[in-house]
Amino acid sequence: MKTMAAAAFKARCLRVIKQMKTDREPVTITNRGRPVAMLSPLPPDEDKSLIGVLRGSVLGYDDPFCPATEASDWSATG
């Protein structure tokens, strides 16, 4: 596990995050030598695309082309 001082992490945080994406190794962030935080990569299966995530989640619907409410519920004249 990598260890890095908070000041060094602040200066290089984007570089550290990009490196973590490739080596998948967590980084412990310290303040005056004491661990204060740990940055770790997400599990690999969390890196999926959002496209298609909800596929199969709709259980059913009666008629997708019918209005959601009755016409009498609307008042165009206010």
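Below or above, wherever it landed, is the structure these notes cover. These figures come from a predicted structure and were not determined experimentally.

Basis of the calculations
Residues numbered from 1 in each chain as written. Predicted model: local features only at pLDDT ≥ 70, side-chain atom pairs only at ≥ 80, totals over all residues. Heavy atoms only, no water. Pairing = 2+ DSSP bridges. Helix = DSSP H or I, 4+ residues; strand = E, 2+ residues; numbered from the N terminus. Right-handed = clockwise from strand over helix to strand, strands pointing away. Salt bridge = Lys/Arg side-chain N within 4 Å of Asp/Glu carboxyl O. Buried < 20%, exposed > 50% of the residue type's maximum accessible area, 1.4 Å probe, protein only. Core = buried A, V, L, I, M, F, W, Y, C linked by side-chain atoms within 4.5 Å. Patch = residues over 30% accessible without salt bridge, like charges linked within 9 Å, V, L, I, M, F, W, Y side chains within 5 Å. Areas by Shrake-Rupley, 256 points an atom, 1.4 Å probe, with all protein chains shown as cover.

1. Re the pairing of strand 1 (residues 2–5)
So, step 1. Inspection of the sheet shows strand 1 paired to strand 2 (residues 27–31) by four bridges, in the parallel sense. Opposite Lys2, over in strand 2, you have Val27 as the bridge partner.
So, step 2. Handedness of the crossover joining strand 1 and strand 2 through helix 1 (residues 6–23): right-handed.

2. Describing unusual backbone geometry
So, step 1. For Arg24, which is not glycine, the phi dihedral falls at a positive 55°.
So, step 2. The residue Arg24 is located in the loop between helix 1 and strand 2 in this model.
So, step 3. A positive phi is found at Arg32, a non-glycine position, where the angle reads about 55°.
So, step 4. Its place among the elements puts Arg32 in the loop between strand 2 and strand 3 (34–39).

3. Here's the deal with the pattern of salt bridges
Side-chain pairs of opposite charge can arise whenever the charged atoms involved come near each other.
So, step 1. A full pass over the atoms with the stated rule returns one salt bridge.
So, step 2. For Asp23, the salt bridge identified is with Lys2, shortest N-O distance 2.8 Å. Of this pair, Asp23 sits in helix 1 while Lys2 is found in strand 1, placing the two residues 21 residues apart along the sequence.
So, step 3. For Asp23, a relative accessible area of 28% translates into the label partly exposed.

4. Considering the nonpolar core
So, step 1. Core analysis: the largest hydrophobic core is formed by six residues, namely Met4, Phe9, Val16, Met20, Val27 and Ile29.
So, step 2. Put simply, the parts of the chain that give this core at least two residues each are helix 1 and strand 2.
So, step 3. Here this core takes three residues from helix 1, the largest share from any one element.

5. Focus on a nonpolar patch on the surface
So, step 1. On the surface, a nonpolar cluster with roughly 380 Å² of combined accessible area is contributed by Leu50, Val53 and Leu54.
So, step 2. Tracing the sequence through the fold places Leu50 in the segment after strand 3.

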